[in-house]
Amino acid sequence: MPDDGKVPALGKALLDENQCLNAEGFACDTCVMFCPSDLQAITMKDPFPEIDQERCVGCGLCIFHCEASPKAITWQPLAEPSEPTTTKDTA
Ligand code: SF4
Ligand code: SF4
């Protein structure tokens, strides 16, 4: 963990407002309630939640608990996974 105590982000949550239940007139804020309280990366900006990309650490809790089907929030990795190295590669 870095010296500043912040959890390094592996990815970011992205909202598709068209998939959000609030676009259909439902009053949903489930994702806001499940974002870890000290992060508060999602807040309601009626009628949609808004994700603060600076605060989001990509934990995925909002995606897991999203009420919409398909999910209105998706996870985007910050970097492509690198190829695994083997002892054969490094020999
Ligand atoms: S991925 Fe985690 S930190 Fe980011 S908005 Fe969702 S619940 Fe909050
Ligand atoms: S849980 Fe899903 S459907 Fe509900 S407000 Fe959040 S993004 Fe929209």
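Refer to the structure presented above.
These figures come from a predicted structure and were not determined experimentally.

## As for the overall build of the chain
Phase 1 of the analysis: Of the regular secondary structure elements, the chain holds three helices and four strands.
Phase 2 of the analysis: The order of α-helices and β-strands along the chain, N terminus first, is β-α-β-β-α-β-α.
Phase 3 of the analysis: Every one of the 91 residues in the chain was classed for burial, and the buried ones make up 13%.
Phase 4 of the analysis: Across the chain, every contact between residues at least 6 apart in sequence was considered, and the portion connecting residues at least 24 apart equals 61%.

## A few points about the nonpolar core
Phase 1 of the analysis: Residues A13, C20, C31, C35, A41, I42, I51, C62, C66, A72 and I73 constitute the largest nonpolar core, which totals eleven residues.
Phase 2 of the analysis: Residues within four places of C31 in sequence aside, it is in contact with I42, P49, C62, H65, C66 and I73.

## Quick notes on the site of ligand 2
Phase 1 of the analysis: The environment of ligand 2 is made up of 14 residues, and the closest members are C20, C28, C31, C66 and A72.
Phase 2 of the analysis: A breakdown of the residues in the shell around ligand 2 according to their chemical character gives ten nonpolar, two polar and two charged.

## Some remarks on the pairing of strand 3 (residues 48-51)
Every regular strand shows the same layout, with side chains that alternate between the two sheet faces.
Phase 1 of the analysis: Inspection of the sheet shows strand 2 (residues 42-45) paired to strand 3 by four bridges, in the antiparallel sense. Pairing of K45 across the sheet is with F48, part of strand 3.
Phase 2 of the analysis: Here strand 2 folds back onto strand 3, and the loop between the two strands holds two residues.

## Focus: the environment of E67
Phase 1 of the analysis: Along the chain, the position of E67 falls in the loop between helix 2 (61-65) and strand 4 (73-77).
Phase 2 of the analysis: The class for E67 is partly exposed, based on 13 C-beta atoms found within 10 Å.
Phase 3 of the analysis: With 46 residues separating them along the chain, E67 and L21 place their C-alpha atoms 7.5 Å apart.

## Examining unusual backbone geometry
Phase 1 of the analysis: A cis amide bond links D46 to the next residue, P47, at an omega of 10°.
Phase 2 of the analysis: Looking at where P47 falls in the secondary structure, it is placed in the loop between strand 2 and strand 3.
Phase 3 of the analysis: In this structure, P70 follows S69 across a cis peptide bond, with omega equal to 0°.
Phase 4 of the analysis: Within the secondary structure, P70 is located in the loop between helix 2 and strand 4.

Cut-offs used in this document
- Residues numbered from 1 in each chain as written.
- Chains lettered and ligands numbered in written order.
- Predicted model: local features only at pLDDT ≥ 70, side-chain atom pairs only at ≥ 80, totals over all residues.
- Helix = DSSP H or I, 4+ residues; strand = E, 2+ residues; numbered from the N terminus.
- Buried ≥ 20, exposed ≤ 12 C-beta atoms within 10 Å, placed from the backbone.
- Contact = placed C-beta atoms within 7 Å.
- Core = buried A, V, L, I, M, F, W, Y, C linked by C-beta atoms within 7 Å.
- Near = placed C-beta within 6 Å.
- Nonpolar A, V, L, I, M, F, W, Y, C, P; charged D, E, K, R; others polar.
- Pairing = 2+ DSSP bridges.

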